[in-house]
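Each chain, letter by letter, is given below.
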Amino acid sequence: MQVTYLGHFCFLVEVNGLKLLFDPFISGNPLAKNIDIQKIKADFIILSHGHADHCADTLEIYKNNPNATLIAMYEITEWFANQGVKNTHPMNIGGTFSFDFGSIKMVQAVHSSTLPDGKPGGSAAGFLIKTKEGDFYFAGDTALHYDMKLISLWSDTLKFAMMPIGDNFTMGYEDACIAADFVGVEKVIGAHYDSFGYIVISHEEAKNHFKNNQKELLLLNLEETINL
Ligand code: NI
Ligand code: MN
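Residues numbered from 1 in each chain as written. Chains lettered and ligands numbered in written order. Predicted model: local features only at pLDDT ≥ 70, side-chain atom pairs only at ≥ 80, totals over all residues. Heavy atoms only, no water.

Q: Before we move on, could you go through helix α3 (residues 74-81) and cite the residues and values that matter?
A: I76, T77, W79 and F80 are the residues of α3 that are buried. One side of α3 carries all its buried residues, which in axial view fall inside an arc of 160 degrees. Buried positions along α3 lie against α1 (52-55), α2 (58-64), β5 (69-73) and β6 (88-91). (Buried < 20%, exposed > 50% of the residue type's maximum accessible area, 1.4 Å probe, protein only. Helix = DSSP H or I, 4+ residues; strand = E, 2+ residues; numbered from the N terminus. Arc of directions from axis to C-beta. Contact = heavy atoms within 4.5 Å.)

Q: I'd like a rundown of the nonpolar core, residues and numbers included.
A: If you look at the biggest cluster of nonpolar residues, it comprises 80 residues, and the most contacted ones within it are Y137, M162 and M163. Top element by residues in this core is helix α5 (residues 173-183). It accounts for 7 residues. (Core = buried A, V, L, I, M, F, W, Y, C linked by side-chain atoms within 4.5 Å.)

Q: Describe the coordination of the nickel ion (ligand 1), with residues and values.
A: Coordination of the nickel ion (ligand 1) by the protein is provided by H49 (NE2), H51 (ND1), H111 (NE2) and D141 (OD), with metal-donor distances spanning 2.2 to 2.3 Å. Mapping the donors of the nickel ion (ligand 1) onto the primary sequence gives the spacing H-x1-H-x59-H-x29-D. Between the two metals, the nickel ion (ligand 1) and the manganese ion (ligand 2), the spacing is 3.1 Å, and D141 donates to both. Of this pair, H49 sits in the loop between β4 (44-46) and α1 while H111 sits in the loop between β8 (102-108) and β9 (125-131), placing them 62 residues apart in sequence. (Donors = N, O, S within 2.8 Å, 3.2 Å for Na, K, Ca; no water.)

Q: Help me get a handle on the sheet that holds strand β1 (residues 2-5), residues and values and all.
A: Strand order in the open sheet formed by 7 strands is β6-β5-β4-β3-β2-β1-β14, and the pairing between neighbours is mixed. The sheet is open, and its two edges are formed by β6 and β14 (225-227), each paired on a single side. On average, each strand axis in the sheet is tilted by 20 degrees relative to the strand beside it, whichever way the strands run. In terms of strand pairing, β1 meets strand β2 (residues 11-15) through 4 bridges, oriented antiparallel. Paired with Q2 across the two strands is E14, which belongs to β2. Each of β5 and β6 touches α3; the most contacted strand, β5, lies at about 135 degrees to it. (Pairing = 2+ DSSP bridges. Axes fitted to C-alpha atoms, helices over the stretch in contact; angles between N-to-C directions.)

Quick look at the structure:
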């Protein structure tokens, strides 16, 4: 499985020959604005919630990937369907569905979810993704919450997790380290940090905190790809 970081909470995951794009927010991200979104290829666009810093580039990327399937909370897929997205797959918290790359279970996130025009986006969500190449947890914007322990019941082969670590709008790295314990994973890929003023963190302190708790925090460079 290949994971490429595109800034903020945007990741491109290649698994079983398919490209999964999570939470595209690139052109509006001061740190990622030099990435050419016209070149992004995706078979699935997966959105955790309706906030603009997670879905702002969805339509632009969809234009170049008209066969892509949009997977998100029902309110969000309807909102994008009304703007011309043809292939949508609505889900809601607690549901699992099998796709060609593997299965997605939409799980609880403790966060809000308003769409860019102020319409309600339903509940914010995270995803447990199970594939032949391993399982991972995409937390989305969330506080630390005790239901994360359920993830470890649903997958005992979790390889890694993408988690917010920037604090203020989501959990910070200390809570993310506890979250890693709850879900049963050693390797966390940090997200939702540094993009704007409220969420700037010390990389060194965050990494050391994980190390001191026998865990690993990966902070990827922009457009860096890792094999997991
Ligand atoms: Ni958010
Ligand atoms: Mn956010």
